[in-house]
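Here are the chains, one letter per residue:
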Amino acid sequence: MNEDARHDDRDTAPKDHVARRHATRLTSLLGIAFAVLFLAGLALLSRTPGVHATDADLVAFYESGNQRRILLSGLYVLPLAAVAFLWFIASLRQWMEMSSRKIDHLLATVQMLSGVGFITLAFAAAGAATIVASSVELANLPVDPELARQFPLYSRTLLTIFGMRMAAIFVTTTAKLGHEAQLLPRWFVFGSYGVAAALFLVATLSVWLVVVFPLWVLVLNGTIWFYTRTTPQEPTASASSL
């Protein structure tokens, strides 16, 4: 009986290895897609004039068809980033479960919910940043300079203050899961804790704080890719053969 079980394990091991390789590639591609699309959407949505712009500058900006359409294009790019991020969360969890038998499912649930919270706040921020451009483009409403100042500021508040807190929780839980399952190196885990602390504690409306999160995702995917090319086929924390 034991001999048959060992024979079955030898037969399924190559298949499991191929499946983990596929999960790694999928996770890396989705993470890269999210980072690129999110940075592109962020760049497009950050083209609004500053809060100190004059009324004439604000009116001229939103009455310019080219400027409005560039700004509104970010409203269509960001949902693509959100879709990629949702798939990335699911793929990342699958990779962890396939690569290790030691997964804290409570922590994994917090990771998933923080990712969903981040995307929800990013959607709200994108809507706030483009509401004036949308009202002019789609409803032919006049530009209100006060609203043109306040809504982009509200958008940055949602993303940098609230969204980055959700991102900090996602970074922390991902690093903790990877550390407990022995899937991520110590330097990346402790570096992630530093990134999470910055995202959670830094009080600023600068868009550069938001850039930190997609850059961290890129480093995470590079680390995952390197891990699968330098580790054996068997999952970590595996039980000894009976």
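Residues numbered from 1 in each chain as written. Predicted model: local features only at pLDDT ≥ 70, side-chain atom pairs only at ≥ 80, totals over all residues. Heavy atoms only, no water.

(A) A look at the overall build of the protein. Counting secondary structure elements, the protein contains seven helices and zero strands. When the helices and strands of the protein are listed from N to C terminus, the series reads α-α-α-α-α-α-α. (Helix = DSSP H or I, 4+ residues; strand = E, 2+ residues; numbered from the N terminus.)

(B) Local environment of the pattern of salt bridges. Within this structure, the stated rule accounts for six salt bridges. In this structure, E146 and R149 form a salt bridge, with 3.3 Å as the shortest nitrogen-oxygen distance. With E146 and R149 both in helix 5 (residues 145-180) and three residues apart, this pair spans about one turn of that helix. Each of D55, E146 and R149 takes part in salt bridges that share partners, so that together they form one network. (Salt bridge = Lys/Arg side-chain N within 4 Å of Asp/Glu carboxyl O.)

(C) Seen up close, the nonpolar core. Membership of the largest hydrophobic core comes to 61 residues, with the highest contact counts inside it found for F34, F38, F85, F118 and F213. Those elements that provide at least two residues to this core are helix 1 (2-45), helix 2 (55-63), helix 3 (65-99), helix 4 (105-139), helix 5, helix 6 (186-201) and helix 7 (207-230). For this core, the element with the most residues is helix 3, which contributes 12 residues. Sequence-distant contacts of F38, that is, excluding residues within four places in its chain, are made with L78, A81, F118, A122, V210 and P214. (Core = buried A, V, L, I, M, F, W, Y, C linked by side-chain atoms within 4.5 Å. Buried < 20%, exposed > 50% of the residue type's maximum accessible area, 1.4 Å probe, protein only. Contact = heavy atoms within 4.5 Å.)

(D) Structural view of the packing of helix 5 against helix 6. Running from N to C, helix 5 and helix 6 cross one another at 165°; their axes reach a closest spacing of 8 Å. Accordingly, the angle class assigned to the pair helix 5 and helix 6 is roughly antiparallel. The two elements helix 5 and helix 6 cross, and the hand of that crossing is left-handed. Where helix 5 approaches helix 6, its residues M164, R165, A167, A168, V171, T172, A175, K176 and H179 are matched on the opposing element by R186, V189, S192, Y193, A196, L199, F200 and L201. Across the contact of helix 5 with helix 6, the residue classes break down as 11 nonpolar, three polar and three charged. (Axes fitted to C-alpha atoms, helices over the stretch in contact; angles between N-to-C directions. Parallel < 35°, antiparallel > 145°, perpendicular 65-115°, else oblique. Left-handed = near helix turned anticlockwise from the far one by under 90°. Nonpolar A, V, L, I, M, F, W, Y, C, P; charged D, E, K, R; others polar.)

(E) Representation of helix 4 in the model. Helix length check: helix 4, at 35 residues, gives a terminal C-alpha distance of 47 Å against a target of 51 Å (1.5 Å per residue), a fit within 8%. Where helix 4 bends most, the angle comes to about 50°, and this point is T130. For helix 4, the N-terminal capping position is held by D104, with its side-chain oxygen 3.1 Å away from the main-chain nitrogen of L106. The positive-phi residue at the C-terminal boundary of helix 4 is N140, with phi of around 55°. (Expected span 1.5 Å × (residues − 1). Bend = angle between axes of the 7 residues up to and from the residue. Polar contact = N/O pair within 3.5 Å; in protein donor to acceptor, adjacent residues only side chain to side chain.)

(F) Fine view of the packing of aromatic side chains. A full pass over the atoms with the stated rule returns 17 aromatic pairs. Measuring from ring centre to ring centre gives 5.4 Å for F34 and F38, while their planes differ by 35°; the resulting arrangement is tilted. With F34 and F38 both in helix 1 and four residues apart, this pair spans about one turn of that helix. With 5.0 Å between their ring centres and 85° between their planes, F61 and Y62 make a pair best called edge-to-face. Across the pair, Y62 and F61 agree in class, each one buried. Through a chain of ring-to-ring contacts, three or more aromatic side chains come together here, namely F34, F38, F85, F88, F118, F170, W187, F188, F213 and W216. (Phe/Tyr/Trp six-rings, centres within 6.5 Å; stacked < 30°, edge-to-face > 60°.)

(G) Inspection of the layout of surface pockets at higher detail. One number sums up the size of the second largest pocket: a volume of about 330 Å³. In terms of lining residues, the second largest pocket is bounded by 25 residues, among which L45, S46, P152, S155 and R156 are the most central. Those elements that provide at least two residues to the lining of the second largest pocket are helix 1, helix 4, helix 5 and helix 7. Here the lining of the second largest pocket takes eight residues from helix 5, the largest share from any one element. For the lining of the second largest pocket, the per-class residue count stands at 17 nonpolar, six polar and two charged. (1 Å grid on protein atoms, 1.4 Å probe; cavity = no way out; pocket = protein on both sides within 12 Å on 5 of 7 lines; lining within 4 Å. Points joined across faces, edges and corners; volume = space filled by probe spheres on them.)

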